[in-house]
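Residues per chain, in single letters:
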Amino acid sequence: MKSEALKYIPVNLANIFISFGTITILTRLLSAAEFGRYALVITTLNFIHMGFFTWLEASMSRFHERADKTDSLDSHFKTLYYSAAAVLTLLIPLLSFAVFALEVDSRMRLLLTFAIVSTAVHLFYNLTQECHKAAHRIGRYSAVHSTQLVLSFSAGILLVMFTPLREAGPFVGMIIGGLITVIVELPWLIIRMMGGRFKPALIREYFLYGTPICFSLILAYALENGDLYFIRFYLNDAAVGAYSAGYNLASRSFDFIFVWLAMAAMPLAISTLERSGEDETRRVLSDYGDLLIMIALPAAIGIALVSKEAVIVLGEPVRNDALIVMPWIAFAALLNGFINYYVHQAFVLAKKLQLLAAIMVLPVLINFGLNIVFIPQYGLVGALIATLCAYSVAIIVTVIAARRVFPLPLPVMTFAKCGLGCLIMAAGLYAIPFNEMWPDLITLFLKAISGGVIYVAAIYALDTAGIRKIIKSRSLKA
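Analysis parameters
- Residues numbered from 1 in each chain as written.
- Predicted model: local features only at pLDDT ≥ 70, side-chain atom pairs only at ≥ 80, totals over all residues.
- Heavy atoms only, no water.
- Salt bridge = Lys/Arg side-chain N within 4 Å of Asp/Glu carboxyl O.
- Helix = DSSP H or I, 4+ residues; strand = E, 2+ residues; numbered from the N terminus.
- Buried < 20%, exposed > 50% of the residue type's maximum accessible area, 1.4 Å probe, protein only.
- Arc of directions from axis to C-beta.
- Axes fitted to C-alpha atoms, helices over the stretch in contact; angles between N-to-C directions.
- Left-handed = near helix turned anticlockwise from the far one by under 90°.
- Nonpolar A, V, L, I, M, F, W, Y, C, P; charged D, E, K, R; others polar.
- 1 Å grid on protein atoms, 1.4 Å probe; cavity = no way out; pocket = protein on both sides within 12 Å on 5 of 7 lines; lining within 4 Å.
- Points joined across faces, edges and corners; volume = space filled by probe spheres on them.

Novice: Teacher, can you tell me more about the pattern of salt bridges here?
Specialist: Pairs may arise between side chains of opposite charge once their charged atoms sit close together. Taken as a whole and judged by the stated rule, the model has 12 salt bridges. Across the salt bridge formed by Glu167 and Arg37, the nearest N and O atoms sit 2.9 Å from each other. Here the residue Glu167 occupies a position in the loop between α8 (138–162) and α9 (169–193), and Arg37 occupies one in helix α3 (residues 32–52), the gap between them amounting to 130 residues. With relative accessibility at 18%, the residue Arg37 sits in the buried group. Of the charged contacts in the structure, one is a salt bridge between Asp237 and Arg37, with a shortest N-O distance of 3.4 Å. Separated by 200 residues along the polypeptide, Asp237 in helix α12 (residues 237–276) and Arg37 in helix α3 bring together distant segments of the chain. Within the structure, one salt-bridge network assembled from shared partners comprises Arg37, Arg107, Glu167, Arg232 and Asp237.

Have a look at this one:
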C-alpha cells in the first residue's frame, strides 16, 4: 500500500499547487462578496454532482475488478457511459428550469448555469479517471488529471483577469479543461467499449449499490459545507467568502493527505477483498490507518500553530475573519477526513452504505440546528461551534457502527504515539525564539521545517507503526 501511495505523489503535488493557487489568487482578484458567491456555487455544484452522478462513478470503481475477472469490461464501460448520457439528458433540462425559476439575480443565475455545464462535462471525465484508478493505471491517471487541473486553473484565472466574467471565470475554466481532456481520452474509451453491450440488468445493481453512496456523501458534505448557506442567510456574501477562505485554507491540506492515500488504498483494498479475503484486507486497512494518523494528526496541530502566518496567503478582503476560522477548522477537518476516507471504507467494503447514510443524518441535523441557534448570536464563531459539536458526534457514531459491519482496524497505538510526537513538536516550536520582525512567509517556512523535523525525530524515537523497520528495510533494498 505504501508503494502505491508514493506513485500518486505527482498528481497530488499538482492538486496542492492548483488548490492553494486558486484560493490565493481568487481572494486577491475578487472581492469578499464575489468570492462568497463563488464558494456558494461551488458548494451547490458539488451537491448536484453527488446527488445525481456519484453512483455511476462509484460503480465504475467498485465493479471494475469483477468485470475484469469475467472478461466483460467492455460491457461494464458501455453500460455506465450510456447510463451517464441518459441521466444528463433527463437532468439538464430540469436543472436549467430550476435555475431560471429561482428568485436570484442575473449574476447568480449565470454562475449556476456554468456550474451545471461543468458538472456534466466532468461526469464523463470522472468516469474515465475512476477506471484508470481501479485498474491501477497510475501513470495515465496522474498525467491526465494533472493536465486537466492546470488547464482549468489557467483558463479560469485568465478569464477572471481579462473578461467581465469575474467569479464565473473559474467555472468556464473547468468546462474548458474538462472538455479538452475528455476529447483526448475519447479514442481510448471507444476502443475499450468496442464489442461490449449495454446491459440494463446491470443498471439496477449499480444504482442500488451507488445510491446510498450518494446519500452518505451528500450528508457528509452537508456536515462540512452546509453552514455556508446559513451564514449567507443570517449574514452576507462577504462573510461567506471569509469563512470559506479560512475553511478551505485549513481543510484542503487534509483533503490532499486523505485523497492521496485513499487513491492508493481503496482500489487496493477492494481488489484484495475480491481476491484474498477479509484477513488480508484488514492488513491493507491497518497500514492505511497508520499512515493517515502519522501524516494527518501533525498536519492538524501544525496548521493550528502557524495559522497566524499562513493566513498571509489569502487576499486582504478575507484575511482577518479567515484567521478566526483556521485553527478550529484544522481539527474539524481532521475528524471529517478520518470519517470520510477511513471509517467510511468499512461500509463500502461491507456494502452497507444505507446504514452509513442513516447514521450521518443525526450529525447533520445537530449541525443545522446549532447553526440556527449560534450564528445569529456569535456570527462566524457560531458556525465553528456548530461544526465541531457535529463532528464530535459523527466520529463516535460512525466508528461504532463501522466496527459492527466490517473488522475495521483502529490505529489506537499509532494515534497515541503520534499524539505524543505532536506534543513534542508543539513544545519545540514554542521553545524556538522566532524573530517577530521576520516576514510572515519566512516564519511560516521556518516553523513548518522545524516542526516537521521535530515530529519525524519524535515518531522515529517512539518507533511509531514500526517506522524504524520500514526505513531499515528500504535502506537495505537501496
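Novice: What is the right way to look at helix α11 (residues 227–234) in this model?
Specialist: An α-helical segment advances 3.6 residues per turn. Residues three or four places apart therefore align on the same side. Those residues of α11 lying buried are Asp227, Leu228, Phe230 and Ile231. Each buried residue of α11 lies within a common arc of 160° when the element is viewed along its axis, so the set occupies one face.

Novice: Just checking my understanding: could you explain unusual backbone geometry for this structure?
Specialist: With glycine set apart, most residues show a phi of negative sign, and most peptide bonds adopt trans. Unlike most non-glycine residues, Asp71 shows phi in positive territory, near 55°. Here Asp71 lies in the loop between α5 (64–69) and α6 (73–101). Even without a glycine there, the phi angle at Arg166 is positive, about 55°. Looking at the secondary structure, you find Arg166 in the loop between α8 and α9. Relative accessible area serves as the criterion here: at 25%, Arg166 is assigned to the partly exposed category.

Novice: When you look at the packing of helix α7 (residues 106–134) against α9 in this model, what are you seeing that I'm missing?
Specialist: Any two packed helices are characterised by how steeply their axes cross, that is the angle between the axes, and by the distance between the axes. The geometry of α7 relative to α9 is characterised by a closest axis approach of 9 Å and an angle of 35° between their N-to-C directions. The chirality of how α7 crosses α9 is left-handed. Partitioned by chemical class, the residues of the contact of α7 with α9 number 16 nonpolar, seven polar and one charged.

Novice: I keep staring at empty space enclosed by the protein and nothing clicks. Help me out?
Specialist: Left-over empty space is what a probe sized like a water molecule reveals as it rolls over the atoms. The tally for this structure, following the rule as stated, stands at three cavities of 30 Å³ or more. In this model, the second largest cavity occupies a volume close to 60 Å³. If you go around the second largest cavity, the residues you meet are Ser61, His64, Glu65, Ala134, His136, Pro267, Ile270 and Ser271. For the lining of the second largest cavity, the element with the highest residue contribution is α12, accounting for three residues. Tallied by class, residues from the lining of the second largest cavity come to three nonpolar, four polar and one charged.

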